[in-house]
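Results of the structural survey
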Amino acid sequence: MRHLIDPMDLSVEELDKILSLAGEIMTNKAKYSERCKGKKIATLFYEPSTRTRLSFESAMLELGGSVIGFSEASSSSVSKGESIEDTVRVVGCFADVIAMRHPNEGAPLLASMYSPVPVINAGDGGHNHPTQTLTDLLTILHEKKRLDNMTIGLCGDLKFGRTVHSLVKAMSRYEGIKFVFISPKELKIPEYILTEVVEPAGIEYEEVTSLEDAMPDLDLLYMTRVQRERFFNEADYIRLKDTYILDVKKLESAKEDMVILHPLPRVNEISPEVDKDPRAAYFRQVMYGKYVRMALILTLLGLNY
Ligand code: CP
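Notes on the structure follow. (Residues numbered from 1 in each chain as written. Predicted model: local features only at pLDDT ≥ 70, side-chain atom pairs only at ≥ 80, totals over all residues. Heavy atoms only, no water.)

1. Focus: the site of the ligand
Contacts to the ligand come from Ser 49, Thr 50, Arg 51, Thr 52, Arg 101, His 129, Gln 132, Pro 263 and Leu 264. Between the ligand and Arg 51 there is a distance of 2.8 Å, counted from an oxygen atom to a side-chain nitrogen or oxygen. Between the ligand and Leu 264, the relevant distance is 3.0 Å, taken from a nitrogen atom to a main-chain nitrogen or oxygen of the residue. Look at the ligand: alone it shows 260 Å² of surface, and the protein chains cover 91% of it. (Near = heavy atom within 4 Å. Polar contact = N/O pair within 3.5 Å; in protein donor to acceptor, adjacent residues only side chain to side chain. Areas by Shrake-Rupley, 256 points an atom, 1.4 Å probe, with all protein chains shown as cover.)

What follows is the structure, encoded as structure tokens:
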């Protein structure tokens, strides 16, 4: 039985197969519309979500399966003190696969140790978000036609942004990648990502504070929201939240074929006027997320034939 807790749980070969299956599902939806008939996904969301939960649920429904779960812990027996270990042992009696989001880092890993069915980490605290990474990789592959040889700017809250941590891990395995980490000093990329992931992979990187200076070199710009829910101090959040606002003026120096991604939700960090720019791929990215989650569900259930 396989779980997906960390993006590195999948080898590059396995990742390529999932991305390729997602592409096939996109072009041949009818072939897969009954593949999960009789199967259920449980979405156990202890933290708010729009895209991840609904895309998992849409993915299973479009595969002919069904959905159970909760979207806030207060509506489950967690509010009576039930542990994660017991919750997944119980839910595993009802569902064939579990997608779990939790504010505590490591909670889905703990769940995977007790669950009788595959567990997918749908985001754990400021740690990892591997299915957002699958979404990002599928988007990059379709928008840029490659996953290697590019300069990637990651901008905003690189400290708490779990999507950034997971994406850096995954992209560090491809050739010719350069990262430009763009953040205020308070929200820099964690040291362990540099020393345990980027540097051992021999990846070139820079840490800078100016988005404008970095812009002309970028093939991909990954904007992120400042993660209010992870701050200990509201005053610091207010001070930092609008450090970077991508607007039409700032894009004047960007490459014609640069792609702009954002895991969403967006707050202020991309001006709505940018949405009309063909380089803005963040709503297309949401759609890719559904297809790649379909491919992941099929893979974990052994139905990826
Ligand atoms: N990108 C993402 O995780 O969005 P949600 O929080 O809405 O699931």
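2. Quick word on the pairing of strand E5 (residues 150–155)
Counting buried residues in E5 gives six out of six residues, a clear majority hidden from the surface. Side-chain alternation along E5 places Met 150, Ile 152 and Leu 154 on one buried face and Thr 151, Gly 153 and Cys 155 on a second face that is also buried. Pairing of E5 with strand E6 (residues 177–182), which is carried by six bridges, proceeds in the parallel orientation. Note that in E6 the partner of Leu 154 across the bridge is Phe 181. Where E5 and strand E8 (residues 220–223) come together, four bridges link them in parallel fashion. Within E8, the position partnered with Leu 154 by the bridge is Tyr 222. (Buried < 20%, exposed > 50% of the residue type's maximum accessible area, 1.4 Å probe, protein only. Helix = DSSP H or I, 4+ residues; strand = E, 2+ residues; numbered from the N terminus. Pairing = 2+ DSSP bridges.)

3. Some remarks on the sheet that holds strand E7 (residues 204–208)
Pairing between the strands of a sheet is mediated by backbone hydrogen bonds and can be parallel or antiparallel. Pairing within the open sheet is parallel, and its five strands lie in the order E7-E6-E5-E8-E9. Edge positions in the sheet fall to E7 and strand E9 (259–261), since each of these pairs with one other strand and no more. Between one strand axis and the next, the sheet turns through 15° on average, direction left out of account. With five bridges connecting them, E6 and E7 associate as parallel partners. In the strand pairing of E7, Ile 182 is matched with Val 208. (Axes fitted to C-alpha atoms, helices over the stretch in contact; angles between N-to-C directions.)

4. Quick notes on the packing of aromatic side chains
Aromatic ring pairs are defined here through the distance separating the ring centres and the angle between the ring planes. Evaluation of the coordinates by the stated rule reveals four aromatic pairs. An angle of 25° between the planes, with centres 5.6 Å apart, marks the rings of Phe 179 and Phe 181 as stacked. You'll find Phe 179 and Phe 181 in the same group, each marked buried. Taken together through their ring pairs, the aromatic side chains of Phe 179, Phe 181 and Tyr 205 make up a single cluster. The ring of Phe 56 carries the charged tip of Arg 293 above its face, separated from the ring centre by 5.1 Å. (Phe/Tyr/Trp six-rings, centres within 6.5 Å; stacked < 30°, edge-to-face > 60°. Lys NZ or Arg CZ within 6 Å of the ring centre and 35° of its normal.)

5. Quick look at the packing of helix H7 (residues 162–171) against helix H8 (residues 191–198)
Put simply, H7 and H8 touch, their axes get as near as 10 Å, and they point 15° apart. By the angle class used here, H7 and H8 are roughly parallel. Our pair here, H7 against H8, has a crossing hand that is right-handed. Taken together, the residues of H8 that come into contact with H7 (itself represented by His 165, Val 168 and Lys 169) are Tyr 192, Ile 193, Val 197 and Val 198. (Parallel < 35°, antiparallel > 145°, perpendicular 65-115°, else oblique. Left-handed = near helix turned anticlockwise from the far one by under 90°. Contact = heavy atoms within 4.5 Å.)

6. Re helix H5 (residues 107–114)
What H5 keeps buried is the set Ala 107, Pro 108, Ala 111 and Ser 112. Angularly, the buried residues of H5 cover 140° about the axis, an arc narrow enough to put them on a single face. (Arc of directions from axis to C-beta.)

7. Some remarks on the pairing of strand E2 (residues 66–70)
Where strand E1 (residues 40–45) meets E2, five bridges bridge the pair, whose relative direction is parallel. Across the sheet, Lys 40 pairs through a bridge with Ser 66, a residue of E2.

8. Some points on the sheet that holds strand E3 (residues 97–102)
Pairing is parallel in the open sheet, where four strands are placed in the order E2-E1-E3-E4. Each of the sheet's edge strands pairs with one partner strand only, and the pair in question is E2 and strand E4 (119–124). Direction aside, neighbouring strands of the sheet carry axes that sit 15° apart on average. Pairing analysis gives four bridges linking E3 to E4, with the strands arranged parallel. Following the sheet pairing, Ala 99 is matched in E4 by Ile 120. This element, helix H4 (residues 84–91), spans E1 and E3 of the sheet and lies at about 155° to E3.

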